[in-house]
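Per-entry structural report
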Amino acid sequence: MIDAPLPDRDAWVLLFSNNSLPVLRATRRRLDEMRANLDTLDARELAQLILRDPIMTVRVLAYIQPFRGRSLQHDIATIAGAVMMSGLLPFFRRFDALPTIENTLHGYDPHALLGVLHIIRRAQRAADYAQDWAIWRHDMNLEEVRIAALLHDLAEILVWCFAPALGLRILALLQANPGMRSADAQQQVLGLTFQEIQLALCKVWHLPELLSLLIDDSQSDSPRVRNVSLAVRLARHSAQGWDDPALPDDYRDIGDLLNLNPEATRQHLGVPTRNTGDQPQ
């Protein structure tokens with residue numbers, strides 16, 4: 001476990017590259033069940049499992065890169081298609097005995113595990129929002145958008161897994177300063193931001209270029225990037241309920257993306273009519 005900030009972005013990339021990345025315990029358990037029933041396994045069901053776990057998704061993306069055909073129109077092949085192309089047996093051999101996040105953080109401050117699971121749940125909800133809006137917008141490749149939203153905060157998840165003390169320090173700083181921007185807290189504790197680490201990981205791990213584009217909030221002129229960034233924003237702002245003061249701006253911007261007025265946007269999102277402070281489902 002890392003207790004102090006590393007000197008630069010490259011050091012973080014090296015840390016994550018030299019260690020086996022842990023997946024959710026539920027992912028490993030379900031993969032073990034699927035491995036025992038390969039004859040009846042549905043590749044779509046396998047893909048759905050992968051696309052609920054950010055770290056498993058990035059591991060599979062790196063694994064399938066050699067199997068991408070040059071004739072593919074899109075840079076990211078579908079997970080199910082790529083797994084079938086590689087073969088189920090080689091896939092399960094490659095991803096045998098995976099480390100888990102729960103075991104990695106066992107014996108550490110329990111708030112660290114709660115923290116990383118909270119971020120992963122937020123990423124899952126962002127991916128669900130992004131996919132729903134991509135369908136609404138008739139996007140030609142839903143999976144690209146879903147993956148980008150799911151992995152938007154991958155570096156944050158990895159920092160919590162390998163340097164939980166620093167993740168807890170960033171969280172404490174934000175809680176003590178409610179108006180503080182997350183990027184400022186990251187800069188103060190780490191000396192750089194999660195997105196800087198993330199974009200470097202995309203390059204070093206040879207992840208698809210389109211993924212780098214879709215997680216780069218500075219490319220906000222692209223409707224697909226707005227789709228992803230707004231999904232991430234909504235998941236973040238609604239994580240503790242529907243009373244965050246930033247949500248009205250989110251409804252307006254999401255409405256602009258989907259060509260809906262703010263009230264129709266709220267209805268589409270299933271926002272409670274009255275502000276009850278309920279947790280989003």
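In this report, the structure presented in the accompanying data block is examined. (Residues numbered from 1 in each chain as written. Predicted model: local features only at pLDDT ≥ 70, side-chain atom pairs only at ≥ 80, totals over all residues. Heavy atoms only, no water.)

**Structural notes on the environment of I64**
- By the element assignment, I64 lies in helix α4 (residues 54-64).
- Contact partners of I64, with chain neighbours within four places excluded, come to I79 and A82. (Helix = DSSP H or I, 4+ residues; strand = E, 2+ residues; numbered from the N terminus. Contact = heavy atoms within 4.5 Å.)

**Concerning empty space enclosed by the protein**
- Taken as a whole and assessed by the stated rule, the structure comprises one cavity of 30 Å³ or more.
- Estimates place the volume of the largest cavity at around 30 Å³.
- In this structure, the largest cavity is lined by R122, A123, A126, A149, H152, D153, V232, A235 and R236.
- When its residues are assigned to classes, the lining of the largest cavity shows five nonpolar, one polar and three charged. (1 Å grid on protein atoms, 1.4 Å probe; cavity = no way out; pocket = protein on both sides within 12 Å on 5 of 7 lines; lining within 4 Å. Points joined across faces, edges and corners; volume = space filled by probe spheres on them. Nonpolar A, V, L, I, M, F, W, Y, C, P; charged D, E, K, R; others polar.)

**Points about the layout of surface pockets**
- Here the largest pocket is characterised by a volume of approximately 1,500 Å³.
- Contributions of two or more residues to the lining of the largest pocket are made by α8 (110-136), α10 (154-162), α11 (164-176), α12 (182-190), α13 (194-204) and α15 (223-237).
- It is α8 that provides the largest number of residues to the lining of the largest pocket, a total of six residues.
- Of the residues belonging to the lining of the largest pocket, the class tally is 16 nonpolar, 17 polar and nine charged.
- Approximately 210 Å³ is the volume found for the second largest pocket.
- What lines the second largest pocket is F16, S17, N19, S20, L21, V58, R59, A62, Y63, R94 and W205.
- At the level of elements, α1 (9-17) and α4 are the ones that each hand at least two residues to the lining of the second largest pocket.
- For the lining of the second largest pocket, the element with the most residues is α4, which contributes four residues.

**Comments concerning the nonpolar core**
- Within the largest apolar cluster, 93 residues are counted, with the highest numbers of intra-cluster contacts made by W12, F16, L46, I79, F91 and W133.
- Top contributing element to this core by residue count: α8, with nine residues.
- W12 has contacts with P5, L6, V159, A163, L166, L190, L192 and I197, leaving out every residue within four places of it along the chain. (Core = buried A, V, L, I, M, F, W, Y, C linked by side-chain atoms within 4.5 Å. Buried < 20%, exposed > 50% of the residue type's maximum accessible area, 1.4 Å probe, protein only.)

**Considerations on the environment of R224**
- Within the secondary structure, R224 sits in helix α15.
- Only 2.9 Å separates the side chain of R224 from the side chain of E144, close enough to count as a polar contact. (Polar contact = N/O pair within 3.5 Å; in protein donor to acceptor, adjacent residues only side chain to side chain.)

**Focus: the state of the cysteines**
- Considering all chains together, one arrives at zero disulfides under this definition.
- Free of any disulfide, C161 has its nearest neighbouring cysteine sulfur in C202, separated by 17 Å. (Disulfide = S-S within 2.5 Å.)

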